[in-house]
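Fold and contact review
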Amino acid sequence: MNYIKRFFSLQKIPILLALMSLFFVSCKKPEPVDDTKYGKIKFEFLHYWGDEPLLYDSLMYQNAAGNELMINEIQYFVSDVTLQSEFGSKMIKDWVDIYYVDKDIPSTLIWNVYDRIPVGNYHKLSFIFGIPAAKNIPYMYVNPPERDMFWPIFLGGQNGGYHYLKLNGKWREMPENQITPFDFHLGVGQIYSGGVIDVDSITGYVQNYFTVNLPGLNLSIEEDKTTVIQIIMDVKEWFENPIMFDLEVWGGYIMQTQDAMHVATQNGSTVFSVKSIYTPQ
Amino acid sequence: MKKSKYLIFIFILVLHSCKPDDPIITPIPDATPYQLIIPPGFPTDLNIPLDNPLTVEGIWLGRHLFYDGRLSGRTHPDSLMSCATCHVQSRGFSTGIDNPRFPGGQPFGLTGITTPHSTMPLVNLVFNSNGYLWNGMIHESNPNLYQNNPLYHRRNIESLVWMGIVAPHEMYGNVDKTVELIGSIPMYRQMFAAAFGSPDVTYERMSKAIAQFIRTLISSDSKFDKYLRGEYQFSQSELNGFVLFVTEEGADCFHCHGGDGNPLFTTNLFYNNATDNVFGDPRDRYAVTGNPTDIGAYKAPTLRNIFSTAPYMRDGRYQTVDEVIDFYSHELVWSPYVHPLMHKINDGGAQLLPLQKQHLKNFLLTLQDTAFMTNPNFSNPRPDDQYFQNDPF
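Residues numbered from 1 in each chain as written. Chains lettered and ligands numbered in written order. Predicted model: local features only at pLDDT ≥ 70, side-chain atom pairs only at ≥ 80, totals over all residues.

This brings us to the overall build of chain A. The number of helices and strands found in chain A is five helices and 17 strands. Within chain A, the proportion of its 281 residues that are buried is 37%. For chain A, long-range pairs separated by at least 24 residues make up 72% of all intrachain contacts whose partners lie at least 6 apart in sequence. (Helix = DSSP H or I, 4+ residues; strand = E, 2+ residues; numbered from the N terminus. Buried ≥ 20, exposed ≤ 12 C-beta atoms within 10 Å, placed from the backbone. Contact = placed C-beta atoms within 7 Å.)

Written as structure tokens, this is what we have:
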């Protein structure tokens with residue numbers, strides 16, 4: 001009792017007031033995630049070129065290298081999607097940890113996540129683009145469309161079962177001025193001894209999957225409500241940020257060109273962003 | 001144990017409740033459920049409509065109808081025609097370029113009118129839900145499928161039966177006449193009763209039975225299958241060919257035709273594969289989708305039993321596998337509609353050297369499934385019956 005009296009003595013009151021005001025002014029204390037109440041989330045995958053929704057099948061874009069190009073098909077995997085709060089992280093498991101997106105299959109563009117998400121505020125979203133090595137098991141998908149993403153065993157080994165990305169299009173190839181297909185495919189890379197691109201010369205594999213971090217999230221999960229998170233893939237970014245990807249240099253197919261895939265993976269970290277988060281009423 | 005049974009029951013309930021529009025399953029009295037064996041690595045998603053489950057009796061009936069020339073609705077020896085007339089088991093249920101009835105493997109109907117496209121083999125169709133025929137028009141999403149088809153709503157293998165009976169370039173018959181003729185044969189009335197619970201012969205039952213039989217035509221015992229199962233060792237040339245098949249720096253066949261990750265050897269998707277630069281076929285993929293990117297596009301056919309299913313391409317323009325390999329090596333034709341996976345178009349193709357072509361050919365030979373093409377369960381069930389269509393080889 002004496003201790004309390006001493007603490008609240010007149011001399012200490014100004015200090016106490018200062019501390020209290022500092023607490024209120026500095027920042028709002030994050031509310032802890034409530035593990036007893038749950039909401040749901042839904043992802044919508046959108047594909048853009050810069051600030052505009054991507055238009056397909058028309059030679060209307062120019063990348064940083066000056067390649068005039070069109071996009072025809074986009075197919076990819078994201079995995080280990082994780083929501084981060086002040087109090088920890090929540091990895092979305094769904095039935096599996098890997099989700100397939102295909103611009104030509106509308107049902108894949110909306111992911112109604114099976115997991116219940118604890119109510120609370122989340123400030124960061126992260127995911128792996130592609131499939132991490134331990135989960136990229138050859139032949140694990142037997143049904144289309146995921147099956148058709150298989151990455152040949154010769155090129156990926158035992159931990160490279162599937163393409164991370166197929167981005168198919170065409171560009172105006174110079175100097176012939178010919179419209180040429182390109183297949184911007186990402187997956188496990190190969191190290192070839194002596195620079196000879198022959199499967200017998202492969203001395204090792206390179207895991208090219210990478211983590212995408214989307215901080216600054218203002219996601220609030222409310223009880224019994226579904227929150228929609230719109231994720232944008234800005235296709236333009238694959239070709240320019242931070243490294244310019246010139247189709248004239250790398251050509252129309254890169255599955256066996258690790259240097260090209262490396263450039264792509266470097267650019268991949270800025271390809272994704274959150275467009276909006278909302279809770280439909 | 002009790003708990004796990006419970007869980008399985010709930011799981012099945014959930015699976016079945018996912019599609020509210022699915023037809024209600026009609027149990028068939030006394031028919032014996034047929035357990036389709038799915039080979040390792042093959043799809044587990046099966047194209048079996050809920051209202052046409054496989055039964056032993058249904059498949060047996062379907063096999064008879066598949067081979068019975070009276071499916072044409074006629075009995076004169078010159079007018080007999082069935083599915084087996086053009087879909088010959090020893091030719092991978094394709095026609096075969098050496099077919100004595102159809103020179104060059106180009107089928108024609110009872111009137112002599114040739115089919116607009118070459119024959120697609122009937123193999124592993126139960127694993128395909130992406131449409132049938134070269135342009136995939138037989139598909140549940142196609143609202144324009146001939147509405148005078150009594151089963152036009154089904155848009156599945158069942159619909160192919162109707163097409164075969166009425167098409168001018170096939171049997172050019174009449175469904176009612178066929179039903180009447182088949183219904184007049186005592187043997188069939190018993191078989192329909194066993195398969196469907198009553199002896200009534202209807203078109204719907206006929207098409208269901210034939211579709212059931214076709215869904216059992218699974219090829220999964222080639223050298224390649226054995227290689228994947230660890231039962232066969234590739235020769236060095238076969239292995240080299242396999243590498244060429246699945247690498248972009250090689251022949252890059254796998255993006256459209258599968259491989260170790262897709263043992264069907266087709267994606268069942270549609271591609272303009274750079275055969276032409278002039279288009280106008282009213283039966284290409286564009287005719288189905290109306291999407292200009294599908295102009296001149298056709299389904300990638302399976303490469304299983306490819307040495308038995310000549311001629312090749314939708315118009316049968318190539319007679320040998322060598323010609324096809326040459327085409328993909330050097331003869332690709334540029335057009336604005338060529339599929340983006342044809343990334344070697346400006347080089348004219350994969351530029352394979354003669355030895356590489358030989359390796360690739362040797363690999364393709366490992367896709368021959370002799371056991372499938374001689375499987376007694378798929379053959380003519382009444383080889384001595386004058387009305388039944390025997391394998392001409």
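Turning next to the pairing of strand β11 (residues 178-186) of chain A. Residue and element names in this part refer to chain A. Most of β11 is tucked away: seven of the nine residues are buried. In terms of strand pairing, strand β10 (residues 165-173) meets β11 through nine bridges, oriented antiparallel. By the bridge assignment, R172 is partnered in β11 with I179. The hairpin formed by β10 and β11 contains four residues between the paired strands, and N177 there has a positive phi angle of roughly 60°. (Pairing = 2+ DSSP bridges.)

Here we come to the interface of chain A and chain B. In many analyses, interface size is given as the accessible surface area lost on bringing the parts together. Opposite the 32 residues of chain A that make contact, chain B presents 25 residues. When contributions to the side of chain A that touches chain B are tallied by element, the ones reaching two or more residues are β4 (68-85), α3 (153-156), β10 and β11 of chain A. With six residues, the top contributor of residues to the side of chain A that touches chain B is β11(A). Residue composition of the side of chain A that touches chain B, grouped by class: 16 nonpolar, eight polar and eight charged. (Nonpolar A, V, L, I, M, F, W, Y, C, P; charged D, E, K, R; others polar.)

Moving on, we get to helix α6 (residues 186-196) of chain B. All names here are of chain B. Those residues of α6 not exposed but buried are Y188, M191, F192, A194, A195 and F196. Angularly, the buried residues of α6 cover 165° about the axis, an arc narrow enough to put them on a single face. Of the exposed residues in α6, the ones pointing more than 90 degrees away from its buried face are P186 and Q190. Those residues of α6 that are buried lie in contact with α2 (56-67), α5 (175-183) and α7 (203-215). Once α6 ends, the next one or two residues include G197, with phi positive near 95°. (Arc of directions from axis to C-beta.)

Turning to the confidence of the model for chain A, a few remarks are in order. On average, residues of chain A carry a pLDDT of 89, and 87% of them reach 70 or more. Every residue in residues 1-11 of chain A is under pLDDT 50, and counting partners more than four places away or in other chains gives one contact. (pLDDT = per-residue confidence, 0-100.)

Core analysis: the biggest nonpolar cluster contains 148 residues, and A:V78, B:I210 and B:F245 have the highest contact counts within it. With nine residues, β4(A) is the single largest residue contributor to this core. Residues lining this core come from more than one domain, with at least three contributed by each of domain 1 (22-218) and domain 2 (223-371) of chain B. With residues near it in sequence (within four places) discarded, B:I210 still touches B:G62, B:L65, B:F66, B:C83 and B:V161. (Core = buried A, V, L, I, M, F, W, Y, C linked by C-beta atoms within 7 Å. Domains from an automatic or database assignment.)

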